[in-house]
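# A closer look at the structure
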Amino acid sequence: MAEHHLPGNPPVPLTLRRSARARRISLRISSLDGRVTLTLPKSLPERAALAFAEEKADWIRSHLEKHPEAVEAGFGAVLPVDGQNRVVERAAGRRVQLDAGRIAVPGDCPGRVLQRYLKELARNRLAEASDFYAARLGKGYRRLTLRDTRSRWGSCTTDGGLMYSWRLILAPPAVLRYVAAHEVAHLQEMNHSAAFWAVVERLYGRYEAPRSWLREYGAGLHRYRFNG
């Protein structure tokens, strides 16, 4: 893939991707991070794709204006944990402290420390929820792994492996528990049939609200960056 920019103020990064299956230029803007990707046939010159992007410049910029800006998880940033906004502050001690309205972080690199802390917190919460729903279902799972997935919040393998996005710790607890119930339900029904959703409802209860929350607000959980 090649990196280019759409001229203007500010310039917009463009990713050019060639595909043997592409018959024409296609344009995609990620709903998660706002990345603009142009897919083009292998034989088409790059200048043709860049000209296509310039023709669509107004549409691209108007779409990006609706996309939430990235938030670097540094001191002073506001970060949701358990769906509650917390201000990132400097901790006096050596441990991360999670309180109402704030999260205090030691050291000078809060982003990386925060990410480690949130992953561990997510693992604990998701393991507790998965254990609870697996016991209710009467089936065990083999392992639990965390990733920073962009296309799904969780998955269940045929051999009983559960995978979750650690960013679920940023969502309200009901949403995290719903995703755990959803994936545990796959231990019995490896599909999304009516029988599957009946299992989800038996495990979790009425799931429409947390499912709708993910659809409406889930993409925004990817706006938080933990680089520093």
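Residues numbered from 1 in each chain as written. Predicted model: local features only at pLDDT ≥ 70, side-chain atom pairs only at ≥ 80, totals over all residues. Heavy atoms only, no water.

### What to know about the overall build of the protein chain
- Looking only at helices and strands, one finds six helices and 13 strands in the protein chain.
- In terms of overall dimensions, the protein chain has a C-alpha envelope of 60 × 50 × 30 Å along the principal axes.
- Sorting the 228 residues of the protein chain into buried and exposed places 43% on the buried side.
- Contacts spanning at least 24 positions in sequence make up 48% of the contacts within the protein chain whose residues lie at least 6 apart.
- For the protein chain, the computed accessible surface area is about 12900 Å², with 47% contributed by carbon and sulfur atoms.
- Considering the protein chain, the positive charge centre built from 37 side chains and the negative charge centre built from 23 side chains are found 5 Å apart. (Helix = DSSP H or I, 4+ residues; strand = E, 2+ residues; numbered from the N terminus. Buried < 20%, exposed > 50% of the residue type's maximum accessible area, 1.4 Å probe, protein only. Contact = heavy atoms within 4.5 Å. Areas by Shrake-Rupley, 256 points an atom, 1.4 Å probe, with all protein chains shown as cover. Lys, Arg positive; Asp, Glu negative; His and termini not counted. Charge placed at Lys NZ, Arg CZ, Asp CG, Glu CD.)

### Notes on the sheet that holds strand 12 (residues 161–165)
- Spatially, the three strands line up as an open sheet ordered 10-12-11, and their pairing is mixed. The two strands at the open ends of the sheet, each matched to only one other strand, are strand 10 (143–147) and strand 11 (154–156). Averaged over neighbouring strand pairs, the angle between their axes works out to 15° when direction is ignored.
- Note that strand 11 and strand 12 share three bridges and pair antiparallel. Its bridge partner being in strand 12, serine 155 is matched across the sheet by methionine 163.
- Lying over the sheet, helix 3 (residues 110–137) contacts strand 10 and strand 12, oriented at roughly 145° with respect to strand 10.
- Across the sheet, helix 4 (residues 173–185) touches strand 11 and strand 12, and the angle it forms with strand 12 is around 155°. (Pairing = 2+ DSSP bridges. Axes fitted to C-alpha atoms, helices over the stretch in contact; angles between N-to-C directions.)

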